[in-house]
Amino acid sequence: MKIDVIYQHRDFIIIYKLCGLSVHKDNEAIGLTAHLAKQLGLAKLWLVHRLDKVTSGLLMLATNSQSAAELSQLFANRQVDKTYLALTRHKPKKKQGRIVGDMQKARDGAWKLCQSHENPAKTRFISIGCESHLRLFVLYPETGKTHQLRVAMKSLGSPILGDLLYGKKEEIADRVYLHATRLEFVYQKQRIQVCALPREGEYWHRQAVKEKIQEMGFVTQTESIAQEE
């Protein structure tokens, strides 16, 4: 399987990770980083952040240990702006706002949102109606907790379409409709913005959904702008 490289820099690459592809080795003979390094003819690649197996979209990997440390620090310091798209069948309690709360482990590998704010997960969101019983969410995570966006959506009463861990078991879909659509950050005095629209999943290709995504200004693009001194 050939993995699509969306953006290539001497110190890192940004790929399109397909839904269902794990960033970990799991039971495969070769893991994602090793597979991609082989594809590109590189000795090694370093993961600097992660996406859930069920999430599609932009994933960054470093090409050397020095840039891996620097980029990992950007993510740790919340200096990388991340934007996700999600679909749900349920109208939220409010159309836009911020979800803040600590997260605790629950049953069956799930997490739950708590009212305490000791080390909270933070997510901004906007919700837009697409068609009857189908809404688009634009999600801006300010932290990077495990299952953060999936838990946030559940807390709004709008579990992500196809997410059987946090949603209703009868709402089966061809995938979990969560997609990492945009990364924006400054690296060595260059502002880099990369955007990639979701590819796999029948609901992403519905006309009403595509129109709302376009209205929100999301188009597949890469941009690198030198910052002024």
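Per an unreviewed UniProt entry, the chain carries the name Pseudouridine synthase and comes from Haemophilus pittmaniae. Taken verbatim from the UniProt record of the chain, the Sequence similarities (unreviewed entry) comment is "Belongs to the pseudouridine synthase RluA family."

A. Region of interest: the pairing of strand β2 (residues 12–17). Most of β2 sits out of view: six of its six residues are buried. Note: strand β1 (residues 4–8) against β2, four bridges, orientation antiparallel. Bridge pairing in β2 links V5 to I15. Linking β1 back to β2 in an antiparallel pair, the connection comprises three residues. The sheet contact formed by β2 and strand β4 (residues 56–62) spans six bridges and is antiparallel.

B. A look at the side chain of S158. Examined against the element boundaries, S158 turns out to sit in the loop between α3 (148–155) and β11 (178–187). Judged by its relative accessible area of 0%, S158 falls in the buried class. Setting aside anything within four residues of it in sequence, one finds S158 in contact with T88, H90, K91, P92, F137 and M153.

C. A look at the pairing of strand β9 (residues 121–131). Where strand β6 (residues 96–101) meets β9, six bridges bridge the pair, whose relative direction is antiparallel. Across the sheet, the residue bridging to G101 is A121, located in β9. Of the strand pairs in this sheet, β9 and strand β10 (residues 134–141) are connected by eight bridges, and their pairing is antiparallel. The partner of I128 across the bridge, within β10, is L136. Between β9 and β10, which follow one another and run antiparallel, lie two residues, and H133 among them has a positive phi close to 60°.

D. Broad picture of the environment of L74. Along the polypeptide, L74 turns up in helix α2 (residues 65–76). Judged by its relative accessible area of 12%, L74 falls in the buried class. Spatially, the C-alpha atoms of L74 and V48 are 9.3 Å apart, while their sequence positions differ by 26 residues. Setting aside anything within four residues of it in sequence, one finds L74 in contact with Q79, V80, F185, V186 and Y187.

E. Up close: the layout of surface pockets. Counted as a void, the largest pocket has a volume near 880 Å³. Taken together, 34 residues line the largest pocket, and the ones lying closest to its centre are R50, K82, Y84, T143 and G144. Breaking the lining of the largest pocket down by element, the ones donating at least two residues are α2, β5 (81–88), β10, α3 and β11. When residues in the lining of the largest pocket are grouped by element, the largest group, four residues, is from β5. Across the lining of the largest pocket, the residue classes break down as eleven nonpolar, ten polar and 13 charged.

Criteria and cut-off values
Residues numbered from 1 in each chain as written. Predicted model: local features only at pLDDT ≥ 70, side-chain atom pairs only at ≥ 80, totals over all residues. Heavy atoms only, no water. UniProt positions renumbered as here; feature names shortened; annotations may be inferred. Buried < 20%, exposed > 50% of the residue type's maximum accessible area, 1.4 Å probe, protein only. Helix = DSSP H or I, 4+ residues; strand = E, 2+ residues; numbered from the N terminus. Pairing = 2+ DSSP bridges. Contact = heavy atoms within 4.5 Å. 1 Å grid on protein atoms, 1.4 Å probe; cavity = no way out; pocket = protein on both sides within 12 Å on 5 of 7 lines; lining within 4 Å. Points joined across faces, edges and corners; volume = space filled by probe spheres on them. Nonpolar A, V, L, I, M, F, W, Y, C, P; charged D, E, K, R; others polar.

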